[in-house]
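Analysis of the macromolecular model
Below, each chain spelled out in residue letters.
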Amino acid sequence: MAQLTTSPQKATRPPSGFSRRDFLRGSGAVAAATAVHQQATAIAQEVKAAAVPISGEQSIDLDVNGKPVKVKAEPRTTLLDVLRLQLDLTGAKPICTDGSSGGATVLVDGKPMQANMMLAMQAVGKKIQTVESLVGDAVPNAFVACDAQQCGFCTPGFVVAVRAFLNQKPKATEEEIRAGLNGNLCRCGTYANIIHAALMVVKGGTNG
Amino acid sequence: MVEYSWPAKDKATAIGTRVKRLDGPEKATGKAKYSYDINLKNQLIAKGLGCPHAHAKITSIDVAPALKVPGVVHAEPLKKSGDEIEWQGELLAVVAAESPAAAAEGVKAIKVEYVQLPVFVEEDNLVAASAVVEPVPTPRPPNLISGRAWKGGGKTLTVKEPGDNDDEATFGDKEIERLLKESAYVVEATYGIDTITHCCLEPHGSTVEWSGGKLTAHLSTQNVSQTAGQFATPLSITADDVTVHCDYIGGGFGSKFQADYWGVAAARIAKATGRPVKFMLDRDQELKLGGSRPSAYITVRLGADKDGVVQVWDSSHWGSAGASNPGGVSEGQIPYVFTPPNYRRLQTNLKTNHAQARAWRAPNHPQACAITQTAYDDLAAKMGADSLEIFKKNLGTDAKSGSRGAKPSVYLAEMEIGAKLIGWKEHWHPHGKGPAKGSVVEGLGLALHTWGGGGNNSTCSVKIHPDGGVETFCGTQDLGTGTRTVIALVLAECFGLPYDAIKVNIGSSKYPTAGASGGSTTVGGVSAAHRRAGQEAFAKIAELVGKKLEVEPATLEAVKGRVQVAGNPAKSVSWKEACTLIGMTPLEVPGANRNSERTNLTSIQVGGVQFAHVAVDKETGVIKLKKFVAVQDMGLIISPQQAESQIYGAVIMGIAYSLFEQRISDPKTGAILNAELKDYKLARLGDVGEIVVSLYEPESERSRGVIGLGEPPVISPGAAISNAVANALGVRVPTLPMTPQRVLAAIKAKV
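Residues numbered from 1 in each chain as written. Chains lettered and ligands numbered in written order. Predicted model: local features only at pLDDT ≥ 70, side-chain atom pairs only at ≥ 80, totals over all residues.

Describing the packing of helix α6 (residues 228–235) of chain B against helix α7 (residues 260–273) of chain B
All names here are of chain B. Put simply, the rule is: What counts as an axis is a line fitted to C-alpha atoms, over the stretch in contact for a helix, and the angles between N-to-C directions run from 0 to 180 degrees. Note on conventions: DSSP H or I runs of at least 4 residues are helices, E runs of at least 2 residues are strands, and numbering of each starts at the N terminus. Every angle not falling under 35 degrees, over 145, or within 65 to 115 is termed oblique; those three ranges are roughly parallel, roughly antiparallel and roughly perpendicular. Take the far helix as your reference; a near helix turned counterclockwise from it by less than a right angle gives a left-handed crossing, and one turned clockwise gives a right-handed crossing. Contact criterion: two residues are in contact if their C-beta atoms, reconstructed from the backbone, are within 7 Å. Three classes are used: nonpolar for Ala, Val, Leu, Ile, Met, Phe, Trp, Tyr, Cys and Pro, charged for Asp, Glu, Lys and Arg, and polar for all others, with Gly counted as polar.
Look at α6 against α7: their axes get within 10 Å of each other, and the N-to-C directions meet at 55°. The pairing of α6 with α7 is recorded here as oblique in orientation. Read as a crossing pair, α6 and α7 show a hand that is right-handed. Here α6 contributes F231, P234 and L235 to the contact with α7, which in turn contributes G263, V264, A267 and R268. When grouped by side-chain class, the residues that make up the contact of α6 with α7 number five nonpolar, one polar and one charged.

Next comes the structure, spelled out in structure tokens:
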């Protein structure tokens, strides 16, 4: 992945006629031909191996909520746009542009990540879990039991963040919860009940 | 004739019980579809180009380059050459494309040329505003004073009336001076509260589609029933050809009553392209255009007698509500809740290069509370007196009130409860005289508030099916306040059914018309309308069951899924059986509430009191909320769990605007410097401390019926927290938010 993001400042035009800016824009500039039509994993590997630029729309394979899915992505397409617009998994929300709201929190190989801060191609070969996969889980159940939601727009991101946090710290104390869940924003002010919900899960509530 | 009433507290089986919100599981698992989430087949994504300048004239605008961008399907200007733009972010053009990225690239390709014009955004600076030199429109607006300063109203009232020898024009001013001179205590101070934005997490916007000549707009709105016409008129159709739909809204707070010009643009583009269009504002556009709350800054002189009862109030305040229509915090709310016998209050409105403010939860009240109840606390500080005692004295009694809104006895009873919960006796100390732990000092403060909140105009249609199924249709909306759950509880009570057996259909303009959700009017409106429909429907069923059981219908009640002779389950039929008596056609009963009528079902004017306990680090200027207590009257409480949640939320919003939240503009360019969420600081989970909510529902207040809760609890936090900080430091941090920088500056100014 590093090759996709390094040195954007040095966008000088290489002899091939390809510029990094064109590449990032995915505007159809000529890309090195070898990688263009290959499958996603292969693309990722090739890119890693040779820093071969890619451009335009590609078909890539993702693993979302335990199912293989084929989606279309340009290099600039975010994971969030793929989830929401192609897979109709709209639980993760486009709240911010800078990752500061936590609204687009999904689990990537078990780790909480912002789907709007990640390119779809970066997700190739990784296990993506969205809030939709947490039906029946103790965390959303506790959110309902504790009324840890109002308008609900931040709720899916928070549910995933709490799930990830408690996976790391299943015995979290209230103090740890207050210190550890500050990556997500809520405007209605549901924090008090989110704390209650997280504590309920720690105590083993709403399982099954 | 059915007599409409609420059941007594000890008789109610659904109303007043703690339940899970009906739409909780959908929201917690991502199933709930907001306007932003509605994906329509073949839809285009639209994005707007926001004006980079706060004040400029457009000299040329060319959208053609956008059309050359791959994926762009449509581009159109919203403004033309010669148009003057008066705030940053105003949308100049819109591009619709196959993907968000293509739309964004298209927006970047649009060529606009401007002539920049002078900017004024210093909303806290009355002197600078008055001194602005710029062309004055002709004819000269009557309220324009000078520069960017406009008259906003004012009033002088004195107990003593002018005598025969007094000059009437100057009497009031002289009397105010005399009273101040004769006061035992005088407080002279300045206070302020900066502009904040609504910052809805779901930005304003819609996903729209045409079918034949009919438009469906999935609009993020708190006004489902009254926005169809806003689309129709500019599109040259009639409102009957428009359906506005909104199952879920990601925050409104008073900013989402309109279709907005970008909503109309989405519909126009959908028509032009023959494809559905999704047009949601970007985050920075949301913060610049999506709504803001006017700022307020005040200079005050207050005079009190030797007991600390304020006898004279003299203030001048100013602030800005933006560029379109100079406005600000209403002088009618100054001072807030307290009504001193003599006062002079003057309001000046500054016109700044910002988008026009929109109604923000409890318009005028939070600012008025923050800039005036702080002065009452400073009076206590000056006297070395207990703030709680000074607040109590100034409230007066029910017989001789010194306040408005709720009865003094309501505020006083709530003060007793709140003082116990916050530990006022144990923790209070004279201002600045508490013990320090290193550089950290603690303090307590309080504030109080009132709000009208009578039920809005709402209608509904309740349908009871012959198989026992119950549903209702109502063109209201659930902003996250629990409207669905409230409606279900009201009908569950009427029919003796579990609340989750009631199917609540809301969020469509094709349902019976209901009022906008603004001003804390929804819960009163929909609950009264549904109570009437529910009681009427049950009366009809009771008549049928009465015949079958050969009893007086009036003796029947609905309890636990049965219709029975009151207190006699042996003489009963099941709900299902009762409904078979309806016949083949469902029983459909309308219900209505009219805002203008005061009934026992819904009423107005609640009171609330809030207390804050803070810790302030004098070295860093950082304030931490240790504990916050909110005691709130809302008449009869339908759904306590959701009521509590709403109060928690209001308090947390209050913590945000007290400590963190402010719109920051560059004084030279007028650019808003913090229009992204990493810079626009809101409270986070770790910032809120312990919050205790106490629902105040004695029979005296419950008997007034249901009164809305959206606004009241968000009013007091500013003053309560500011007063607690002043109590801790012995120094007033005059302007909200009390950022570390401002705390340190206040401490330094004192030394």
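Here we look at the interface of chain B and chain A
The interface is formed by 48 residues belonging to chain B together with 52 residues belonging to chain A. Of all the elements in the fold, those that place two or more residues in the side of chain B that touches chain A are α1 (24–28), α3 (100–109) and α16 (640–659) of chain B. For the side of chain B that touches chain A, the element with the highest residue contribution is α16 of chain B, accounting for nine residues. Here the residues of the side of chain B that touches chain A are counted per class, giving 24 nonpolar, 13 polar and eleven charged.

Overview of the packing of helix α9 (residues 365–383) of chain B against helix α18 (residues 717–729) of chain B
Residue and element names in this part refer to chain B. Look at α9 against α18: their axes get within 8 Å of each other, and the N-to-C directions meet at 30°. Overall, the two elements α9 and α18 adopt an arrangement that is roughly parallel. Note on packing geometry: the crossing formed by α9 with α18 is right-handed. Counted together, P366, C369, A370, Q373, T374, D377, D378 and A381 of α9 and G718, A719, S722, N723 and A726 of α18 form the full contact between these two elements. Taken together, the residues of the contact of α9 with α18 sort by class into six nonpolar, five polar and two charged.

What to know about the sheet that holds strand β23 (residues 502–506) of chain B
Residues and elements named next belong to chain B. In plain terms, the rule: In this description, strands pair whenever DSSP reports at least two bridges between them.
What the four strands build is an open sheet, ordered β23-β22-β21-β27; its pairing is mixed. Edge positions in the sheet fall to β23 and β27 (587–593), since each of these pairs with one other strand and no more. On average, adjacent strands in this sheet sit at an angle of 20° to one another, irrespective of strand direction. Bridge count between strand β21 (residues 458–464) and strand β22 (residues 470–474): four bridges; the pairing is antiparallel. Within the sheet, the bridge partner assigned to K463 lies in β22 and is E471. Contacting β21, β22 and β27, helix α14 (residues 522–549) crosses the sheet at an angle of about 145° to β27.

What to know about the domain arrangement of chain B
All names here are of chain B. Counted only if it meets this: What fixes the domain bounds is an automatic or database domain assignment.
You can read the domains of chain B as domain 1 (24–32 + 454–593), domain 2 (35–117 + 204–280) and domain 3 (292–453 + 604–750). Measuring from the centre of the C-alpha atoms in domain 2 to the corresponding centre in domain 3 gives 38 Å. Facing the ten residues of domain 2 at the interface are 13 residues of domain 3.

Structural notes on the environment of P141 of chain B
Looking at the secondary structure, you find P141 of chain B in the loop between α4 (126–131) and β7 (144–146). As a C-alpha pair, P141 of chain B and L601 of chain B span 460 residues in sequence and 45 Å in three-dimensional space.

Here we look at the pairing of strand β1 (residues 44–50) of chain B
Here is the key point about a regular strand: its side chains alternate between the two faces of the sheet. Residue and element names in this part refer to chain B. Definition in use: Burial in this document is a count-based property: other C-beta atoms within 10 Å of a residue's C-beta are tallied, and the residue is buried at 20 or more, exposed at 12 or fewer, or partly exposed in between, with C-beta positions derived from the backbone.
Counted residue by residue, β1 has seven buried out of seven residues, so it is predominantly covered. Judged by which residues are buried, β1 turns out to be covered on both faces: L44, A46, G48 and G50 on one side and I45, K47 and L49 on the other are all buried. When β1 meets strand β14 (residues 277–280), the two strands line up parallel, connected through three bridges. Looking at the pairing, I45 lines up with K278 of β14. Here six bridges tie β1 to strand β5 (residues 91–97), and the two strands are oriented antiparallel to one another. Residue pairing across strands places L49 opposite A93, the latter belonging to β5.

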